Number of protein chains: 2
Amino acid sequence: MAVTIKDVAKKAGVSPSTVSRVLSNHPRISAETSRKVKDIMDQLGYHPNIMAKSLVSKTTNSICIMLPKSAEELFSNFFFMELIRGIVTQASRLGYDVLISSGANEKEEIEGVSRLINGRRVDGVILLYSRKDDPVIDFLHENGHHFVLIGRSEQYPDILSVDNDNVQASYDATKHLISLGHERIGFVSGPPDLVVSKDRLKGYLDALHDSGLEMRPEWIVEGEFLQDSGYRAMSFFMNLPNRPTGIVLIDDVVSFGVLRGLHELKYKVPEDLCLVSFNNIPLSELSTPPLSSIDIGIYNLGYTASQVLIQSIQNNNDKSYQKRQIIPHRLMVRESSMYSISKK
Amino acid sequence: MAVTIKDVAKKAGVSPSTVSRVLSNHPRISAETSRKVKDIMDQLGYHPNIMAKSLVSKTTNSICIMLPKSAEELFSNFFFMELIRGIVTQASRLGYDVLISSGANEKEEIEGVSRLINGRRVDGVILLYSRKDDPVIDFLHENGHHFVLIGRSEQYPDILSVDNDNVQASYDATKHLISLGHERIGFVSGPPDLVVSKDRLKGYLDALHDSGLEMRPEWIVEGEFLQDSGYRAMSFFMNLPNRPTGIVLIDDVVSFGVLRGLHELKYKVPEDLCLVSFNNIPLSELSTPPLSSIDIGIYNLGYTASQVLIQSIQNNNDKSYQKRQIIPHRLMVRESSMYSISKK
DNA sequence: ATCAACTGTGCAAACGTTTTAACATTTGGA
DNA sequence: TCCAAATGTTAAAACGTTTGCACAGTTGAT
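This text gives an overview of the structure that appears in the document.

Thresholds applied
Residues numbered from 1 in each chain as written. Chains lettered and ligands numbered in written order. Predicted model: local features only at pLDDT ≥ 70, side-chain atom pairs only at ≥ 80, totals over all residues. Heavy atoms only, no water. Pairing = 2+ DSSP bridges. Helix = DSSP H or I, 4+ residues; strand = E, 2+ residues; numbered from the N terminus. Axes fitted to C-alpha atoms, helices over the stretch in contact; angles between N-to-C directions. Contact = heavy atoms within 4.5 Å. Phe/Tyr/Trp six-rings, centres within 6.5 Å; stacked < 30°, edge-to-face > 60°. Buried < 20%, exposed > 50% of the residue type's maximum accessible area, 1.4 Å probe, protein only. Lys NZ or Arg CZ within 6 Å of the ring centre and 35° of its normal. Near = heavy atom within 4 Å. Polar contact = N/O pair within 3.5 Å; in protein donor to acceptor, adjacent residues only side chain to side chain. Nonpolar A, V, L, I, M, F, W, Y, C, P; charged D, E, K, R; others polar.

Description of the sheet that holds strand β10 (residues 292-295) of chain A
Residue and element names in this part refer to chain A.
Line of reasoning, step 1. On the basis of which strands lie adjacent, the open sheet formed by six strands has the order β7-β6-β8-β9-β10-β12 and mixed pairing. Bordering the open sheet on either side are β7 (220-222) and β12 (330-332), each of which pairs with just one other strand. When strand polarity is set aside, the average angle formed by the axes of neighbouring strands in this sheet is 20 degrees.
Line of reasoning, step 2. For strand β8 (residues 246-249) and strand β9 (residues 274-278), the ladder comprises four bridges, and the chain directions are parallel. Bridge pairing in β9 links I247 to L275.
Line of reasoning, step 3. Helix α8 (residues 166-179) rests against β6 (185-189), β8, β9, β10 and β12 of the sheet, and its axis sits at about 165 degrees to β9.

Topic: the packing of aromatic side chains
For any pair of aromatic rings, the description rests on two quantities: the centre-to-centre distance and the angle between the ring planes.
Line of reasoning, step 1. Summed over the entire model, instances satisfying the criterion amount to eight aromatic pairs over all chains.
Line of reasoning, step 2. Judged by centre distance (5.0 Å) and plane angle (25 degrees), the rings of B:F187 and B:Y204 are stacked. With a gap of 17 residues between them, B:F187 in strand β6 (residues 185-189) and B:Y204 in helix α9 (residues 195-210) connect regions that are remote in the sequence. For the pair shown, B:F187 and B:Y204 are each scored as buried.
Line of reasoning, step 3. Over the ring of A:F278 we find A:R200; its NZ or CZ atom is 3.8 Å from the centre of that ring.

Details of the protein's contact with DNA strand C
Line of reasoning, step 1. Taken together, 27 residues are adjacent to DNA strand C, and A:I5, A:S20, B:T18, B:R21 and B:T33 come closest.
Line of reasoning, step 2. Backbone atoms, meaning sugar and phosphate, form 56% of the atoms of DNA strand C found within 4 Å of the protein.
Line of reasoning, step 3. Here a phosphate oxygen of DNA strand C and a side-chain polar atom of B:K58 are 3.1 Å apart.
Line of reasoning, step 4. When residues of the surface near DNA strand C are traced back to their parent elements, those giving at least two are α1 (5-12), α2 (16-23) and α4 (50-57) of chain A together with α2 (16-23) and α4 (50-57) of chain B.
Line of reasoning, step 5. Broken down by element, the surface near DNA strand C gets its largest block of residues, four residues, from α4(A).
Line of reasoning, step 6. When the residues that make up the surface near DNA strand C are grouped by side-chain class, the tally is 10 nonpolar, 11 polar and six charged.

Overview of the pairing of strand β10 (residues 292-295) of chain B
Regular strands show a simple pattern: their side chains alternate between the two faces of the sheet.
Residue and element names in this part refer to chain B.
Line of reasoning, step 1. One ladder, built from three bridges, connects strand β9 (residues 274-278) with β10; its direction is parallel. Residue pairing in the sheet places F278 in a bridge with I294 of β10.
Line of reasoning, step 2. Sheet topology places β10 next to strand β12 (residues 330-332); three bridges connect them, and they run antiparallel. The partner of D295 across the bridge, within β12, is R330.

Everything listed here is a matter of geometry and, on its own, says nothing about what the molecule does.
Quick look at the structure:
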């Protein structure tokens, strides 16, 4: 059917081994033979069978991405697509293919990843999230598979990971409000089982503490990465007797919910409430008013994750490289936080 | 190293063939043998080697998605992620893995897809876009590969494709404005080399024609799927002597650009200009005012594309199924178009 | 009792590569 | 001139499956 290495060999009058060596640029092949074989390949339209190659070489030149079920959420769409773009771009540059796997729950996720990695279909895995106590991480770690985590693991501090300095980023966002004179600052967090929620909360608390500002439990609200959470947080905050004048939010989409609510209730942003959030998705400069946001370099996170994973696959033993990569963040100040509080 | 079918066979005291047959639920295997072999598999932690299986069965149980370089554009992020989710979900349900491929230009795209499909790494391809005269389609069609197009091909009308009835959808959007009394209606299109731009333009023109309304060339503007295009179209329209009172736009993100411009210039939506656009991305109900938009069922497009492709792979010969699937669309009327023009 | 059909299993070839070891030829230093 | 090293190529085994064919044993209708 398809043309194989044997067909090429026969037509070129050499052995299959020679053809194989031409393919891999083996140093001991003469220039003449190489030329001739390559011509025949073109002529016959030869394409190496990747499966056969993988079978014998025990390496697949592909990696897989675990897409969490939470990718269904609104927030995730931009974030994950951007991550995937970064991953695919760098992987492809390094000659790797990318598979996407997903599962409806943790059990399915493990089954999927196990099938792919134990079935020798992929050489490594990228995890796009970091839950606390994640059994998928347990599985990969215990069995010594190659993987990299986008985010941070509390269970295994020394695994390969690519992350932002979320504590610092949140510290920066909070300090930004403090520098504008805000003294009552709220925080809208994400699901408590995500490490990122914890880290950003810590940065917020640190900043308050360092500035000698009051921290009140009722100024901290938990939610999802959904605009509804923002809406609800807004209602809650605005009804407090001594309400915050500024808030830090875990994600831009949550901010959109807050904006919508404030608009409905005829509040003004930033005069009545200042907002700073995370992720700097493209629409955050399109909202009314435009949102101040911490750019976390999503594409760069994905790009670097590919890089790190493939490096680890290729230098199986070499432990010299950095285990944990930190992608720099950057506060984009826009109208939603441009309001100074004058002290009375 | 890893545990193979032979290890299982030896331990179970049967032949490798029997183990293989247990794996594929061959009818002639006795219940007792099957039980025993399966126990041993669990005990040994056996996982079939997918590569070896593919090599002999000449089928990979995977498909690939060609991610166009335009995925870098803003609009695309939500759209493509949603498509991918649909594709991956259905593929995984049918036991297929999904690979993502991309290329910086058409040449790279063809090389990538050729390597994967000729290298027998994937059984079929899903194309996420439909350009006019696309060489990737030429390549796939000429070589008789399995593929499905999300969109429509002008070159090959009878290839497998999943699409909306974009002409009708655009007709509906335009009719909606007409039914509110609008008589001067503009259209903001996308890049002219995309089939979808052409189809939506046609629906708009048909609707005007059927209602006996005037069509003016200056009311039709071409752009990209970017908010900047919307901004520019807005400036252009609002400076016309006899400007439109309503416009149909190729994409929600373009509408965001229009909204921003109108807001800056203190125009009111929908009073000064009514908007209806396409795709109904989640943020379109969050904008001020919320956008009227045609929901095209993005997830469903992806889901169906998987379904159709895999069906075609599995029934290689059977030509009985529908070549072209149309996903229903639905107009979501929101505030941006809720303004009737009274006849004078 | 006979034989056809069925049931359950094993043997061995095949899938398309890579790679080890071996071989033949050439080169060049002493 | 001789031998060691370098160069270029090949034969054959291996990777882990699937599957057509063969075979033995059982069943059941005549």
